[in-house]
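# An overview of the molecular structure
For reference, the chains in residue letters:
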Amino acid sequence: MVFMNKLSRLIFATTLLVAAPFAFACDYPQRPEIPEGATASKEEMVAASKAIKAYQGEMVSYRECVDSESTATIAELEIGEADEETINNSKMAAAKKYNASVDDEELIVAQFNEAVRAYKAQSQ
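Residues numbered from 1 in each chain as written. Predicted model: local features only at pLDDT ≥ 70, side-chain atom pairs only at ≥ 80, totals over all residues. Heavy atoms only, no water.

## As for the overall build of the chain
When helices and strands are tallied, the chain shows three helices and zero strands. Starting at the N terminus and walking to the C terminus, you meet the elements of the chain as α-α-α. Of all intrachain contacts in the chain linking residues separated by at least 6 positions in sequence, the fraction that spans at least 24 positions is 83%. About 8,400 Å² of surface is accessible on the chain, with carbon and sulfur atoms providing 58% of the total. (Helix = DSSP H or I, 4+ residues; strand = E, 2+ residues; numbered from the N terminus. Contact = heavy atoms within 4.5 Å. Areas by Shrake-Rupley, 256 points an atom, 1.4 Å probe, with all protein chains shown as cover.)

## Remarks on the state of the cysteines
What we call a disulfide is simply a covalent bond connecting the sulfur atoms of a pair of cysteines. Taken as a whole and judged by the stated rule, the model has one disulfide. The residue that forms a disulfide with cysteine 26 is cysteine 65, at a sulfur-sulfur distance of 2.0 Å. An S-S torsion of about -85° defines the bridge between cysteine 26 and cysteine 65 as left-handed. In this pair, cysteine 26 is assigned in the loop between helix H1 (2–24) and helix H2 (42–79) and cysteine 65 in helix H2, connecting sequence segments 39 residues apart. A relative accessible area of 25% means that cysteine 65 is categorised as partly exposed. (Disulfide = S-S within 2.5 Å. Buried < 20%, exposed > 50% of the residue type's maximum accessible area, 1.4 Å probe, protein only.)

## Section: the nonpolar core
Core analysis: the biggest nonpolar cluster contains ten residues, these being Ala40, Met45, Ala48, Ile52, Tyr55, Met59, Ile108, Phe112, Ala115 and Tyr119. Elements with a contribution of two residues or more to this core: H2 and helix H3 (84–123). Leaving out residues up to four positions away in the same chain, alanine 48 has contacts with Glu33, Pro35 and Phe112. (Core = buried A, V, L, I, M, F, W, Y, C linked by side-chain atoms within 4.5 Å.)

## A word on the side chain of aspartate 104
The topology assignment puts aspartate 104 in helix H3. Taking the relative accessible area as the measure of exposure, aspartate 104 reaches 13% and is therefore buried. Apart from residues lying up to four places away in sequence, aspartate 104 is in contact with Tyr28, Arg31, Tyr55 and Met59.

## Some remarks on the pattern of salt bridges
Close approach of charged atoms allows side chains with opposite charge to pair. Counted under the stated rule, the structure contains three salt bridges. In this structure, arginine 63 engages glutamate 105 in a salt bridge whose closest nitrogen and oxygen atoms are separated by 2.6 Å. Within this pair, whereas arginine 63 is found in helix H2, its partner glutamate 105 is found in helix H3, the two being separated by 42 residues in sequence. In terms of burial, arginine 63 and glutamate 105 fall into one category: buried. (Salt bridge = Lys/Arg side-chain N within 4 Å of Asp/Glu carboxyl O.)

## Re H2
Taking 1.5 Å of rise per residue, the 38 residues of H2 would be expected to cover 56 Å, and the 55 Å separating its terminal C-alpha atoms lies within 8% of that figure. Residue glutamate 81 follows H2 closely and has a positive phi angle near 55°. (Expected span 1.5 Å × (residues − 1).)

## Some details on the packing of H2 against H3
For any two helices packed against each other, one specifies the inter-axial angle together with the distance between the axes. Between H2 and H3, the shortest axis-to-axis distance is 10 Å and the interhelical angle comes to 175°. What the angle tells us is that H2 and H3 run roughly antiparallel. In terms of residue class, the contact of H2 with H3 is built from 19 nonpolar, seven polar and nine charged. (Axes fitted to C-alpha atoms, helices over the stretch in contact; angles between N-to-C directions. Parallel < 35°, antiparallel > 145°, perpendicular 65-115°, else oblique. Nonpolar A, V, L, I, M, F, W, Y, C, P; charged D, E, K, R; others polar.)

No statement about biological role is implied by the geometric values presented.
Here it is, written out as structure tokens:
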């Protein structure tokens, strides 16, 4: 009986890990296009600025989704009495998603800032 209880818990935890991404599936925002600053028009730069701001808002929503997804998954794992390693792996996966989105956002903003500098240089 004890073996079946442990087996049931293991099956439950495995099912949660496999099904969780499909249940929540946070949509990663599409990266905006950055114009070539040295040749871009003012309209292209303004449009890119608006796209960057929208992208940043979408990234905030994405990270909130990742946080919610992680919290729910960890709670379900704890209810299913998953082992500590499984819970820690879930936490690390969520942290990697979150941190990667921050890095990506910073990269896009840096690329846009570079394009702005090139745009301003062409105007002088």
